[in-house]
Amino acid sequence: MSLPQKMKAARMHEIGGPMRIEELDVPSVRPGDVLVRVRSCGIVPNLGNILKNWTTWFPERPLPPLPAIFGLDPTGEIVEVGSQVRVWKPGDRVYVNPGRYCGGCRACRSGELTSCSHYTFNGYFGFSQNSLAIFRDYPYAGLSEYMTAPQYSLVKLPDNVTFDQGARFGYLGTAYAALRKVDVGVGKTLLINGISGTLGIGAVLYGLAMGATKIYGTARNRALLERVKAIAPSRIEVMSLDDAEAPDIWVMRHTGDGVDVFVDCLGPGALHETFLAGMRSLKRGGAAVNIGAIAGGVPVDLHTMMDLRQSLDGSVWFTAGQGQDMADMSEAGLVDLNIFEQVGFPLEQVNEAISGIENRNGGFSNYVIHP
């Protein structure tokens, strides 16, 4: 197919300023890269407010040099491949994992890709000043009609996963990788704080697919909690944090000795007590993993953790290989992404979409931009 010479892209020129729709050259591919025609890009509905207060919230996390194209979770089809690309071909439907790594450091050579010294979220932010080199190599992201991406970042989407559904993989993959880290499987019980939120529902879907025997979940909105329970009524129990009973007492009443795994999906600003109740809900030998980024100095009882052989870990993002697992689960019918309600915006409405949209459907809503 013949490619256009120009494309539209949304670029931010100053921190917190509006994104401008501009016409840019369609990028050329390097030998190990592909060119993707972006069809959908998942967004954080509050991204505009996050960027406006970036230096206060994340002073040590570098943003790409401005003007910059953002867009964390793109899907689309490949339209061109580099000379050293062997597996992928034009027409392949893909999700582009934004996790970029150097490929040469000890972590990369050991397969610990998310621990790379240059690890970077393409189209969002970096984890150290090393990310500036990655941003220079990959200045294009999901809020543009076309983008280049390394072949290692691609996930092939099956026909039963739409572009909009694939654009949810960032949140879903964060949950899936965390569950893998703590060995969720058949016979395991699972507690999810924030179960009705964007990360929480992902933990539900993959916890069920991976064989968790019982899933317990807390949140506030009772209507959303009932929607979560309806996903698998015999395997999910839910509790509102507005109830009088403490979450750990509720879990112990149901289980007798606690849960095997606790996943905390609560974000910055959440009360520490809810997290601590989750820790108290673990059985002996249980494991906790944080993916919600609860902030501040949380007073964890390390003595009790030691005596009970418990562990606490953090999990960041996921690899393209794990993303392919997720795609395969959907293709096999183990995970149904049709539960999500798609809320789409054209590229021209990007500033409205990222400005903080009222969301009454919790994690069931999936916000996307259509470049």
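Quick summary incoming for the structure in this document. (Residues numbered from 1 in each chain as written. Predicted model: local features only at pLDDT ≥ 70, side-chain atom pairs only at ≥ 80, totals over all residues. Heavy atoms only, no water.)

1. What to know about the sheet that holds strand β13 (residues 236–240)
Item 1. Sheet architecture is open: six strands sit in the order β13-β12-β11-β14-β15-β16, paired in parallel fashion. For this open sheet the edge positions go to β13 and β16 (311–314), each flanked by a neighbour on one side alone. Geometrically, the sheet is characterised by an average inter-axis angle of 15° between neighbouring strands, direction not taken into account.
Item 2. Judged from the five bridges that link them, strand β11 (residues 189–193) and strand β12 (residues 214–219) form a sheet pairing that is parallel. The partner of Thr-189 across the bridge, within β12, is Lys-214.
Item 3. Running at roughly 160° to β12, helix α9 (residues 247–255) makes contact with β11, β12, β13, β14 (259–264) and β15 (282–290) of the sheet. (Pairing = 2+ DSSP bridges. Helix = DSSP H or I, 4+ residues; strand = E, 2+ residues; numbered from the N terminus. Axes fitted to C-alpha atoms, helices over the stretch in contact; angles between N-to-C directions. Contact = heavy atoms within 4.5 Å.)

2. Brief notes about the packing of aromatic side chains
Item 1. On inspection of all chains with the given rule, the structure shows 16 aromatic pairs.
Item 2. The interplanar angle of 75° and the centroid separation of 5.1 Å between the aromatic rings of Phe-121 and Phe-127 together place this pair among those described as edge-to-face.
Item 3. Its relative accessible area of 6% is what places Phe-121 among the buried residues.
Item 4. Cluster of aromatic residues (ring-pair linked, three or more members): Trp-54, Tyr-95, Tyr-119, Phe-121, Tyr-124, Phe-125, Phe-127, Phe-169, Trp-317 and Phe-318.
Item 5. If you follow Arg-93 out to its NZ or CZ, it ends over the ring of Phe-163, 4.5 Å from the centre.
Item 6. Above the face of the Tyr-138 ring, Arg-100 is positioned so that its terminal group lies 5.2 Å from the ring centre. (Phe/Tyr/Trp six-rings, centres within 6.5 Å; stacked < 30°, edge-to-face > 60°. Buried < 20%, exposed > 50% of the residue type's maximum accessible area, 1.4 Å probe, protein only. Lys NZ or Arg CZ within 6 Å of the ring centre and 35° of its normal.)

3. As for the environment of Leu-308
Item 1. Structurally, Leu-308 is set in the loop between α11 (302–307) and β16.
Item 2. Assessed through its relative accessible area of 30%, Leu-308 is described here as partly exposed.
Item 3. For Leu-308 and Gly-285, which are 23 residues apart along the polypeptide, the C-alpha to C-alpha distance reads 6.1 Å.
Item 4. Excluding residues within four positions of it along the chain, Leu-308 makes contact with Arg-284 and Gly-285.

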